[in-house]
Amino acid sequence: MTGRRGALWLIAGLALALLGGRWLASLYGDWAFHHALGTDVVWRSKVMTVFILRLAVFSITFGFVFANLYAVRQSIVSLVLPRQVGNLEIGEAIPTRRLTMMAVGGAGVIALLLMLVDVDWTVARLAFGGVPFAEIDPYLERDIGFYAYTLPFEMVLNQLGSALVLLTVVLVV
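Residues numbered from 1 in each chain as written. Predicted model: local features only at pLDDT ≥ 70, side-chain atom pairs only at ≥ 80, totals over all residues. Heavy atoms only, no water.

1. Overview of a nonpolar patch on the surface
Together, Met48, Phe51, Ile52 and Leu55 make up an exposed nonpolar region whose accessible area comes to about 420 Å². Summarising the element assignment, isoleucine 52 is placed in helix H2 (residues 40-75). The exposure class assigned to isoleucine 52 is exposed, which follows from its relative accessible area of 51%. (Patch = residues over 30% accessible without salt bridge, like charges linked within 9 Å, V, L, I, M, F, W, Y side chains within 5 Å. Areas by Shrake-Rupley, 256 points an atom, 1.4 Å probe, with all protein chains shown as cover. Salt bridge = Lys/Arg side-chain N within 4 Å of Asp/Glu carboxyl O. Helix = DSSP H or I, 4+ residues; strand = E, 2+ residues; numbered from the N terminus. Buried < 20%, exposed > 50% of the residue type's maximum accessible area, 1.4 Å probe, protein only.)

Below you can see the structure in the form of structure tokens.
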């Protein structure tokens, strides 16, 4: 390993440690705030809702993007890149295993990016635990609670789905 590569790994590890420390400090700060107010239940509800939302977004995004990238990878019979040593040009074939690993890595990067999108946890919490208003809309025959609880969450999911499809199309093309 060269010194330059070791320095890059050190900087990447340090950046990861700093980001992890920032995340833990934020989590502790939120807990301390809610604990001081006596609302530990709200903090636990927030943490669990955000965790489940991010896990679901990561899983669905990874599966969707990987399926598309793997289909593209299957369509590639052979990828030969020209390498030059002195005046001699040599065609080097990229192994299919490396192409598959690139598909897994690309899907992982896109899934991490979409997972880190900040989704308001209260919207998701209301969508799954909202109390019906017991008043029916005369035109669409839905409870008014649908417009207050479920529809905002569906709009957030629609925006995330649209971003996922757009990123996948750009990546595949």
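2. Observations regarding unusual backbone geometry
Here the phi dihedral of alanine 134 falls at roughly 60°; this positive angle occurs in a residue that is not glycine. Counting through the fold element by element, alanine 134 comes out in the loop between helix H4 (121-129) and helix H5 (144-172). Despite not being glycine, glutamate 141 shows a phi value in the positive range, around 55°.

3. A look at the packing of aromatic side chains
Remark: the centre distance and the inter-plane angle together describe each pair of aromatic rings, the angle taken between the planes. All chains considered together, the criterion is met by seven aromatic pairs. For the pair tyrosine 28 and tryptophan 31, a centre-to-centre distance of 5.8 Å together with 35° between the ring planes defines the contact as tilted. Of this pair, tyrosine 28 and tryptophan 31 both sit in helix H1 (residues 3-37), three residues apart, roughly one helical turn. Classification of tyrosine 28 by relative accessible area gives exposed; the value is 54%. Taking relative accessible area as the criterion, tryptophan 31 reaches 29% and is therefore assigned partly exposed. Consider the rings of phenylalanine 146 and tyrosine 147, whose centres lie 5.3 Å apart with planes at 80°: the pair is edge-to-face. On the basis of relative accessibility, which here comes to 16%, the residue phenylalanine 146 falls in the buried class. Taking relative accessible area as the criterion, tyrosine 147 reaches 28% and is therefore assigned partly exposed. Grouped by ring-pair contacts, the aromatic residues Phe58, Phe62, Phe66 and Tyr70 constitute a single cluster. (Phe/Tyr/Trp six-rings, centres within 6.5 Å; stacked < 30°, edge-to-face > 60°.)

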